[in-house]
Amino acid sequence: MSRLAVILFNLGGPDSPEAVKPFLRNLFFDPAIIPAPAPVRFLLARYIAGKRTAPARAVYEQLGGSSPLLAQTEAQARALEAALTAQGQEARCFIAMRYWHPRAAAALAAVRLYEPDEIVALPLYPQYSTTTSGSSLAEWQKLAGADARLRVLCCHPLLEGLVEAWAGPLAEAVRCARAAAPVRVLFSAHGLPERVVAKGDPYAWQVARTAEALQAAAEARLDGLSGVDWRVTWQSRATPEKWLQPDTGVEVEAAAREGLALVLAPIAFISEHSETLVELDLEYRAVAERAGAAAWERVATPGTAPNYIEALAALVLDSQPQKRLCPASCSGCPVKAA
């Protein structure tokens, strides 16, 4: 039986208060985040990390002092291994975090010890961006070099099992909120600077497609329930430059002042971490309550939902080349047109 290695790529997060500053330095030294010459980027990364360490530590203190992302990614890795094994495939999943441990170099060493016949690169970002999946894949290929065994799955924004994993909980949240007032659903995704999108990054386009698919799947479960408004919004702005709009926080306050019930669905996240557990659940919920929201619901991320994990396993086992989803205007899409 052939041996399969699946590399699960994710952002990573600090595992202690002391790790926050070096985590931030790694993040802002990435040329995909700050496109400047290395010496300039080095100085900027140190400066930004110094300014942001204290507020970032305060965020992670609310999560027990560290990011929960690694534990959740490990759970997804074990669930995916089990799903692949159930399909008769000998497989092992390896985790490569971009900005904190376990880093890509450690994952590569472990893969080489495993001696697989095939390697699948699977970023755990549903929508592709040059700043996330692209950065992780570039780091891996720089370390590993050319490898005929490698197959890259760059994104899965319309994966049926992912949409299904979200749709049921979303429909339930909308029903609960609609009992109080008309509902505004905010599909909240991590934002990007507009300059990145202007260069052809496909992320915003893919987020919109995910939102359309999820809205359709949820509406099919709501049996024509009226009084529901659906919008895509953007959160987690990190630099002073112009980012994608509208801003989630602004939209939360506006909807609450209208007396609407709010449902937030973090459609660019498949695991819970600071952007969902603190930014959405604590900060934006407080904004909504102060502004008079009629109700508040937040849809959980898919995590290890069986329909999502089984869909990922099917994606990994599909030997056909990944088809391009993005239009020609998304020049940053890594999948060439047929």
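Here is what the cut-offs are and how they apply
- Residues numbered from 1 in each chain as written.
- Predicted model: local features only at pLDDT ≥ 70, side-chain atom pairs only at ≥ 80, totals over all residues.
- Heavy atoms only, no water.
- Helix = DSSP H or I, 4+ residues; strand = E, 2+ residues; numbered from the N terminus.
- Rg over C-alpha atoms; globule rule 2.2 N^0.38 Å.
- Buried < 20%, exposed > 50% of the residue type's maximum accessible area, 1.4 Å probe, protein only.
- Contact = heavy atoms within 4.5 Å.
- Salt bridge = Lys/Arg side-chain N within 4 Å of Asp/Glu carboxyl O.
- Phe/Tyr/Trp six-rings, centres within 6.5 Å; stacked < 30°, edge-to-face > 60°.
- Lys NZ or Arg CZ within 6 Å of the ring centre and 35° of its normal.
- Pairing = 2+ DSSP bridges.
- Axes fitted to C-alpha atoms, helices over the stretch in contact; angles between N-to-C directions.

A. Local environment of the overall build of the chain. Each helix and strand counted, the chain has eleven helices and eight strands in total. Its C-alpha radius of gyration of 20 Å places the chain within 12% of the 20 Å reference for a compact globule of 338 residues. Seen through its C-alpha atoms, the chain measures out along the principal axes to roughly 60 × 50 × 40 Å. Counting only residues that meet the buried cut, the chain has 51% of its 338 residues in that class. Long-range contacts, defined as pairs at least 24 residues apart, comprise 80% of the intrachain contacts of the chain with a sequence gap of at least 6.

B. Up close: the pattern of salt bridges. Per the stated rule, a full pass over the model turns up 19 salt bridges. The partner of glutamate 164 in a salt bridge is arginine 221, and the shortest N-O contact between them spans 2.5 Å. One end of the pair, glutamate 164, is in helix α6 (residues 160-178); the other, arginine 221, is in helix α8 (residues 203-222), with 57 residues separating them in the sequence. Accessibility expressed as a relative area gives 29% for glutamate 164, which makes it partly exposed. A salt bridge links arginine 184 to glutamate 258; the shortest N-O distance between them is 3.3 Å. Placement of arginine 184 in strand β5 (residues 183-190) and of glutamate 258 in the loop between α9 (248-257) and β7 (261-265) is noted, with a sequence separation of 74 residues between them. On the accessibility criterion, arginine 184 (6% relative accessible area) is buried. Linked by salt bridges that have partners in common, Arg184, Asp229, Arg231, Glu251 and Glu258 make up one network.

C. How the structure looks around helix α1 (residues 20-29). Regarding α1, the residues found buried are Val20, Pro22, Phe23, Leu24, Leu27 and Phe28. Buried residues in α1 make contact with α2 (38-61).

D. Spotlight on the packing of aromatic side chains. Per the stated rule, a full pass over the model turns up six aromatic pairs. Centre to centre, the rings of phenylalanine 94 and tyrosine 114 are 5.7 Å apart; their planes meet at 55°, and the pair counts as tilted. Of this pair, phenylalanine 94 sits in strand β2 (residues 90-97) while tyrosine 114 sits in helix α4 (residues 104-114), and the two are 20 residues apart along the sequence. Each member of the pair, phenylalanine 94 as well as tyrosine 114, is classed as buried. Of note, arginine 41 hangs over the ring of phenylalanine 29, and the distance from its end group to the ring centre comes to 4.5 Å. A cation over a ring is seen here: arginine 209 above tryptophan 205, with NZ or CZ 4.8 Å from the ring centre.

E. Inspection of the sheet that holds β2 at higher detail. What the four strands build is an open sheet, ordered β2-β1-β3-β4; its pairing is parallel. Among the strands making up the open sheet, the edge pair consists of β2 and β4 (150-152). If you compare each strand with its neighbour and ignore which way they point, the axes differ by 25° on average. In this sheet, strand β3 (residues 118-123) lies alongside strand β1 (residues 3-10) in parallel orientation, the contact comprising six bridges. Paired with valine 6 across the bridge in β3 is valine 120.

F. A look at the pairing of β7. Most of β7 sits inside the fold, with five of its five residues counted as buried. Taking every second residue as pointing to the same face, both faces of β7 are buried, with Ala261, Val263 and Ala265 on one and Leu262 and Leu264 on the other. Pairing geometry for β5 and β7, over five bridges, is parallel. Paired with valine 183 across the strands is alanine 261, a residue of β7. Note that β7 and strand β8 (residues 295-298) share four bridges and pair parallel. Bridging across to β8, leucine 262 finds its partner in tryptophan 296.

G. A look at unusual backbone geometry. A cis amide bond links histidine 101 to the next residue, proline 102, at an omega of -5°. Mapped onto the fold, proline 102 is located in the loop between β2 and α4. The omega angle of the peptide bond from glutamine 245 to proline 246 is 5°, so this bond is cis rather than trans. The backbone phi angle of aspartate 223 is positive, close to 50°, even though this residue is not glycine. Positionally, aspartate 223 belongs in the loop between α8 and β6 (228-235). Even without glycine at this site, serine 236 takes up a positive phi of about 65°.

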